[in-house]
Amino acid sequence: NAGVTQTPKFRILKIGQSMTLQCTQDMNHNYMYWYRQDPGMGLKLIYYSVGAGITDKGEVPNGYNVSRSTTEDFPLRLELAAPSQTSVYFCASRTQETQYFGPGTRLLVL
Amino acid sequence: DQQVKQNSPSLSVQEGRISILNCDYTNSMFDYFLWYKKYPAEGPTFLISISSIKDKNEDGRFTVFLNKSAKHLSLHIVPSQPGDSAVYFCAASAQGAQKLVFGQGTRLTINP
């Protein structure tokens, strides 16, 4: 049981490039989330999903897109990377009681 | 609008003493509160939670207190150990809500 896994661990992007951050969970959770954490700040919700085929915007969705074709996978897409998207990104899945987080992807946009 | 606030960015405590981390919230609809612990280069991990029907919940060295009238919760760690050095986030949700709202975090350092 690996829990929530994220790839890559670290990536450097040039301005305007695109990439997909991968997130997979093996706990059969319906709810999944994407957060970003900026230095000295809390976790800001980007997008979330309550089940396969259903996604919704969080607090800071601009510049990102998601899809949820299976229960296990919840990829986050950056289409035109901007320096403001430099951050650490965490994926999470949820039980009734709490959320379980992946180890994070550190993204640097230069 | 910061609905969940942790006003102390950092806290330093002597090993063996009590650590008290504080969290305030503004949304009276919040009825479930959680504390997460985060080490560098790792994701947050769940520590302890409390429902609004309680005012205290204990799990080993960790106790969370909830004061609904003051919209305040606190996490007590007794005794503090070096491995407790981490960033602690409080989070809150409203009944039926699908999302958590997080505070900014408090960096706890336990000194030997």
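Scroll up to find the structure this text is about.
Since we're looking at a predicted model, the values are computed, not measured.

What counts and how
Within any chain, residue numbers begin from 1 and follow the written order of that chain's sequence. Whichever chain is written first becomes A and whichever ligand is written first becomes 1, with later ones labelled in order. Where totals are concerned, whole chains, interfaces and linings use all residues; where local detail is concerned, this predicted model gives features only for residues with pLDDT of at least 70, and gives and counts side-chain atom pairs only at 80 or more. With hydrogens and water excluded, all non-hydrogen atoms of the structure serve as input to the side-chain values. At least two DSSP bridges between two strands are required for those strands to pair. Comment: elements are numbered from the N terminus, with helices defined as DSSP H or I runs of at least four residues and strands as E runs of at least two. Here an axis means a line fitted to C-alpha atoms, over the contact stretch when the element is a helix, while the angle between two N-to-C directions is reported on a 0 to 180 degree scale. The patches described consist of residues with a relative accessible area above 30% and no salt bridge, like charges being joined within 9 Å and nonpolar side chains (Val, Leu, Ile, Met, Phe, Trp, Tyr) within 5 Å. Per-residue and other accessible areas were derived by the Shrake-Rupley procedure at a 1.4 Å probe size, with only the shown protein chains allowed to occlude residues. Salt bridges are identified by distance alone: a Lys or Arg side-chain nitrogen within 4 Å of an Asp or Glu carboxyl oxygen. The buried label goes to any residue with under 20% of its type's maximum accessible area, the exposed label to any with over 50%, and the partly exposed label to all in between, with areas taken from a 1.4 Å probe on protein chains only.

Draft legend 1. Representation of the sheet that holds strand S8 (residues 72-77) of chain B. Residues and elements named next belong to chain B. Pairing is antiparallel in the open sheet, where 5 strands are placed in the order S1-S3-S8-S7-S6. Every other strand in the sheet has two partners, leaving strand S1 (4-5) and strand S6 (56-59) as the edge strands with one partner each. By the bridge criterion, 2 bridges tie S1 to strand S3 (residues 19-25) in an arrangement that is antiparallel. Note that in S3 the partner of Val-4 across the bridge is Tyr-25.

Draft legend 2. The sheet that holds strand S3 (residues 19-25) of chain A, seen in detail. Residue and element names in this part refer to chain A. Within the open sheet, the 4 strands sit side by side as S1-S3-S8-S7. Their pairing is antiparallel. This sheet does not close on itself; its edge strands, each paired only once, are strand S1 (4-7) and strand S7 (64-66). For this sheet the average axis-to-axis angle between neighbouring strands, irrespective of direction, equals 20 degrees. Summarising the sheet, S3 and strand S8 (residues 76-78) pair through 3 bridges and their orientation is antiparallel.

Draft legend 3. A nonpolar patch on the surface, seen in detail. A surface patch of nonpolar side chains, amounting to about 320 Å² of accessible area, comprises A:Phe10, A:Ile12 and A:Leu110. Looking at the secondary structure, you find A:Ile12 in strand S2 (residues 10-13).

Draft legend 4. Representation of the pattern of salt bridges in the model. Residue and element names in this part refer to chain A. The full count for this structure, using the stated rule, is 6 salt bridges over all chains. The closest approach of N and O atoms between Asp-38 and Arg-36, which form a salt bridge, is 2.9 Å. Its salt-bridge partner being Glu-79, residue Arg-77 comes within 3.3 Å of it at the nearest N-O pair. Using a relative accessible area of 30% as the deciding quantity, one classes Arg-77 as partly exposed.

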